[in-house]
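Residues per chain are reported as follows:
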Amino acid sequence: MTVSLAMICGDAHRDVLARCIRSVLNYPTRLVDEIGVCWNGRRSDTLDVHKSLVALRTPNTSRPSIVVMELKWVDDFAAARNASYGISNSDWILWLDADDVIDPTHQPTKPLADTLAALSPDIGCVWLPDIYAADLPMKIPRLVRRSAGPWRWRGAVHEELISDHPVAWTILDAPVIRHAPVQSETTRQTRNVEIMDR
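Every value quoted in this text rests on a predicted model; they were computed, and no experiment measured them.

Trainee: I would appreciate a short explanation of the overall build of the chain in the present structure.
Mentor: Across its full length, the chain carries five helices and eleven strands. Taken across its 198 residues, the chain has 48% of its residues classed as buried.

Rendered as structure tokens:
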């Protein structure tokens, strides 16, 4: 059982992208086997972003594999996320935002892939704890079984992940994802309104 990390990132979040990836790589148990980032920032930066992420891996190791794909930003978060899912090749896909981090204080006893392998074959979606504000965790769908799709994101903003058919789901207590935004709520709301008005 393998796990891909699917991400999107642009210029505004480049500085925190490494923080997110580092939290994944430094987690006490293995989380992912490959990382795919759809980069929608300056085209000239794509190779530099890839090199900087590869440099975060443990020296003399080639895992997880890391792919950075250049993506033209068209003011559509769902389109960008769908592209990131398109470069994911593992059995399961985990999505994170660049300003998310994996909380190291909540540690499972075994690698995520082992936990997923023990799930019933009919489980296609896993909800994980997500701490967004005031340290109050909520559960949101973060992991999907690729074979339970096709999966697609819908909505230019406030996008939602859907499948073409009903999917059974379950909840895990870890890993815990902590959202650490670098943009103010006002900035994000202004951006979202501008996208919806186009």
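Trainee: Even after reading the chapter, I still don't get the layout of surface pockets, so can you show me in this structure?
Mentor: With a probe scaled to a water molecule rolled over the atoms, the places where space remains empty come into view. Considered as a void within the structure, the second largest pocket measures approximately 220 Å³ in volume. Forming the walls of the second largest pocket are 13 residues, and the residues nearest its centre are L25, R30, V32, R63 and P64. Each residue belonging to the lining of the second largest pocket can be placed in one class, and the counts come to six nonpolar, three polar and four charged.

Trainee: Explain the pattern of salt bridges here, please?
Mentor: Taken as a whole and judged by the stated rule, the model has nine salt bridges. Ionic pairing is found between R14 and D45, a salt bridge with its closest N-O pair at 3.1 Å. With R14 in helix α1 (residues 14–25) and D45 in the loop between β2 (34–39) and α2 (46–54), this residue pair connects regions lying 31 residues apart in the sequence. Overall, the relative accessible area of 28% leaves R14 in the partly exposed class. Its relative accessible area of 9% is what places D45 among the buried residues. As a salt-bridge pair, R142 and D130 come within 2.3 Å of each other at their nearest N and O atoms. In this pair, R142 sits in strand β7 (residues 137–145) while D130 sits in strand β6 (residues 123–131), placing the two residues twelve residues apart along the sequence. Like R142, the residue D130 is buried in the burial classification. A cluster of three or more residues bridged by salt bridges with shared partners is formed by R81, D97 and E159.

Trainee: Hey, could you run me through α1 in this one?
Mentor: Owing to its 3.6 residues per turn, the α-helix aligns residues three or four sequence positions apart on the same side. Between its first and last C-alpha, α1 extends 17 Å over twelve residues, near the 16 Å set by a 1.5 Å rise per residue. On its buried face, α1 is in contact with β1 (3–9), β2, α2 and β5 (100–102).

Trainee: Explanation requested: the environment of D91 in the structure shown.
Mentor: Considering the arrangement of structural elements, one finds D91 in the loop between α3 (77–86) and β4 (92–95). Counting along the chain gives 26 residues from D91 to A117, while the straight-line C-alpha distance between them is 9.7 Å. What D91 contacts, discounting residues up to four positions off in sequence, is M1, T2, V144, R145 and R146. For D91, the side chain forms a polar contact with the main-chain nitrogen of T2, separated by 2.8 Å.

Trainee: Where do I start with the side chain of R145 in this structure?
Mentor: Among the structural elements, R145 can be located in strand β7. One buried charged residue, R145, forms no salt bridge at all, with the nearest opposite charge on D122 at 6.7 Å. Beyond its immediate chain neighbours, meaning those up to four positions away, R145 contacts M1, D91, W92, L119, S120, P121, I123, G124 and W151.

Trainee: So what exactly am I meant to see when it comes to unusual backbone geometry here?
Mentor: Peptide bonds are, in most cases, trans, and in most cases residues other than glycine have a negative phi. Cis geometry is adopted by the peptide bond preceding P150, which originates at G149 and carries an omega value of 10 degrees. Secondary-structure assignment places P150 in the loop between β7 and β8 (151–154). A174 connects to P175 through a cis peptide bond whose omega is 5 degrees. Tracing the backbone shows P175 in the loop between β10 (168–171) and β11 (177–179). Despite not being glycine, D75 shows a phi value in the positive range, around 55 degrees. Assignment of secondary structure puts D75 in the loop between β3 (65–70) and α3.

What counts, and where the lines are drawn
- Residues numbered from 1 in each chain as written.
- Predicted model: local features only at pLDDT ≥ 70, side-chain atom pairs only at ≥ 80, totals over all residues.
- Heavy atoms only, no water.
- Helix = DSSP H or I, 4+ residues; strand = E, 2+ residues; numbered from the N terminus.
- Buried < 20%, exposed > 50% of the residue type's maximum accessible area, 1.4 Å probe, protein only.
- 1 Å grid on protein atoms, 1.4 Å probe; cavity = no way out; pocket = protein on both sides within 12 Å on 5 of 7 lines; lining within 4 Å.
- Points joined across faces, edges and corners; volume = space filled by probe spheres on them.
- Nonpolar A, V, L, I, M, F, W, Y, C, P; charged D, E, K, R; others polar.
- Salt bridge = Lys/Arg side-chain N within 4 Å of Asp/Glu carboxyl O.
- Expected span 1.5 Å × (residues − 1).
- Contact = heavy atoms within 4.5 Å.
- Polar contact = N/O pair within 3.5 Å; in protein donor to acceptor, adjacent residues only side chain to side chain.
- Lys, Arg positive; Asp, Glu negative; His and termini not counted.

So, to be careful, I would describe these as geometric facts and stop short of saying anything about function.
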